[in-house]
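Read off the chains here:
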Amino acid sequence: LKKIAVLTSGGDAPGMNAAIRAVVRTCVYHGIVCIGVRRGYKGMVDGDFVEMHARSVNNIINKGGTMLHSARCKEFMTKEGRKQAFENLSKESVNALIVIGGDGSFKGALRFNAEFGISVMGIPGTIDNDIYGTTHTIGYDTALNTVVEAIDKIRDTAFSHDRLFFVEVMGRDAGYIALNAGVGAGAEEILVPEENLGLDRLLESLKRSRNSGKMSSIVVVAEGDKTGKSVFELKEYVEQNMPDYDVRVSVLGHIQRGGTPSCFDRVLASRMGVRAVESLLESRGGYMVGILDDSMELTPLEKAIKGHSSINEDLLRVSDIITV
Ligand code: ADP
């Protein structure tokens, strides 16, 4: 193994830079050349490469986003696109690839590996935390803190005006952000994609807490919540059934992706970066590095993509109890 390429792909997440930094410096430490690929798979198809040195990654451990840029790449979904990418890597004599991204990026990496035999290693970078084989993905902890901070601010105004707020958070398929930030921010109810808790239940809960003297409330709703209703439809529904409640909506949107990575994400990304390079040095390709029980563990990429972790029922119960 002489030359490793590293890229960030799909949705960006805070801490990706810390992962790039760790990959580059581990390469330098072991005397391997590291090539940065700009804009994910697009840069591989276009041959947009930059040689990375220890000093190329100065002052990025504390920065959100990704210095290598990220992209979604249609060409890489085609055989011709992937062939072009392989030829570009071959020209540079790259023999292994580290992909920092989510499950879509891992699917691409696996296909690339199956077709051209190049060793690939995945590092899970996504705020959604929806990847099997790791209890935490890079960026998830930072996103939780961002969401909690935003809801704290919404709570001030909800309290002052006796209002009910529906707060939409990211998570089309996974309720990790909604559930954990919801508990952390003291939300009255939390609606997630994994389980339909029902509109009747929501209404009952809101009525019960009103009757017990609670004048304002926060309901956290994941984008893909299973009631199938948008936050605006939920607002209408409650307004129709509780006409004297002043209901508002706040969609947090892209602020959830940005910002300074938390210490947890920086440490996680650093550990994953080192382990990814060292696993390639041990000739272990086709895996994802994850954190399980505070230890760096490898999971076959195939499994990381297909495996499913279910919603934390205990946390749902905790949420029910502490919002009584
Ligand atoms: P994420 O990695 O955050 O889940 P995407 O799902 O957008 O993000 O995937 C990122 C990129 O990975 C896509 O734009 C595409 O280039 C590549 N990709 C995703 N799925 C496949 C696939 N089945 N085959 C080949 N490439 C894929």
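Since the model is a prediction, treat every value here as computed from it, not as a measurement. (Residues numbered from 1 in each chain as written. Predicted model: local features only at pLDDT ≥ 70, side-chain atom pairs only at ≥ 80, totals over all residues. Heavy atoms only, no water.)

Quick look at the overall build of the protein chain now. Regarding its fold elements, the protein chain presents 11 helices and 11 strands. Across its three principal directions, the C-alpha atoms of the protein chain cover 70 × 35 × 30 Å. Counting all 324 residues of the protein chain, 52% fall into the buried class. Residue pairs in contact within the protein chain that sit at least 24 positions apart in sequence constitute 75% of those at least 6 positions apart. Surface exposure of the protein chain reaches about 14400 Å², of which carbon and sulfur atoms provide 48%. Computed over 38 positive and 42 negative side-chain charges, the separation of the two mean positions in the protein chain equals 6 Å. (Helix = DSSP H or I, 4+ residues; strand = E, 2+ residues; numbered from the N terminus. Buried < 20%, exposed > 50% of the residue type's maximum accessible area, 1.4 Å probe, protein only. Contact = heavy atoms within 4.5 Å. Areas by Shrake-Rupley, 256 points an atom, 1.4 Å probe, with all protein chains shown as cover. Lys, Arg positive; Asp, Glu negative; His and termini not counted. Charge placed at Lys NZ, Arg CZ, Asp CG, Glu CD.)

Time to look at the site of the ligand. Around the ligand lies a shell of 16 residues, among which Arg-72, Cys-73, Gly-104, Ser-105 and Arg-111 are the nearest. At 2.6 Å from an oxygen atom of the ligand is found a main-chain nitrogen or oxygen belonging to Cys-73. Judged by the proximity of its atoms to the pocket grid, the ligand belongs to the largest pocket. Take the shell around the ligand: its biggest share by element is six residues, from helix 4 (residues 103-116). Looking at the shell around the ligand, its residues break down into four nonpolar, seven polar and five charged. (Near = heavy atom within 4 Å. Polar contact = N/O pair within 3.5 Å; in protein donor to acceptor, adjacent residues only side chain to side chain. 1 Å grid on protein atoms, 1.4 Å probe; cavity = no way out; pocket = protein on both sides within 12 Å on 5 of 7 lines; lining within 4 Å. Sits in = over half its atoms within 2 Å of the grid points. Nonpolar A, V, L, I, M, F, W, Y, C, P; charged D, E, K, R; others polar.)

Another aspect to go through is the confidence of the model for the protein chain. Residue-level pLDDT values for the protein chain average 96, and 100% of them are 70 or greater. Under the prediction, the complex receives an ipTM of 0.98, its pTM being 0.97. (pLDDT = per-residue confidence, 0-100.)

A surface patch of nonpolar side chains, about 250 Å² in accessible area, is lined by Val-318, Ile-321 and Ile-322. Take Val-318: it is sitting in helix 11 (residues 313-322). (Patch = residues over 30% accessible without salt bridge, like charges linked within 9 Å, V, L, I, M, F, W, Y side chains within 5 Å. Salt bridge = Lys/Arg side-chain N within 4 Å of Asp/Glu carboxyl O.)

It is a probe the size of a water molecule, rolled over the atoms, that shows where empty space is left. Approximately 1000 Å³ is the volume found for the largest pocket. Around the largest pocket sit 39 residues that line it, and Arg-72, Gly-102, Asp-103, Gly-104 and Asp-130 are the ones nearest its centre. Listing elements by their share of the lining of the largest pocket, those giving two or more residues are helix 4 and helix 10 (301-306). The element best represented in the lining of the largest pocket is helix 4, accounting for six residues. Broken down by class, the residue content of the lining of the largest pocket amounts to 12 nonpolar, 15 polar and 12 charged. Of all the elements, helix 7 (residues 199-211) adds the most residues to the lining of the second largest pocket, at four residues. Looking at side-chain class alone, the lining of the second largest pocket contains one nonpolar, four polar and five charged residues. (Points joined across faces, edges and corners; volume = space filled by probe spheres on them.)

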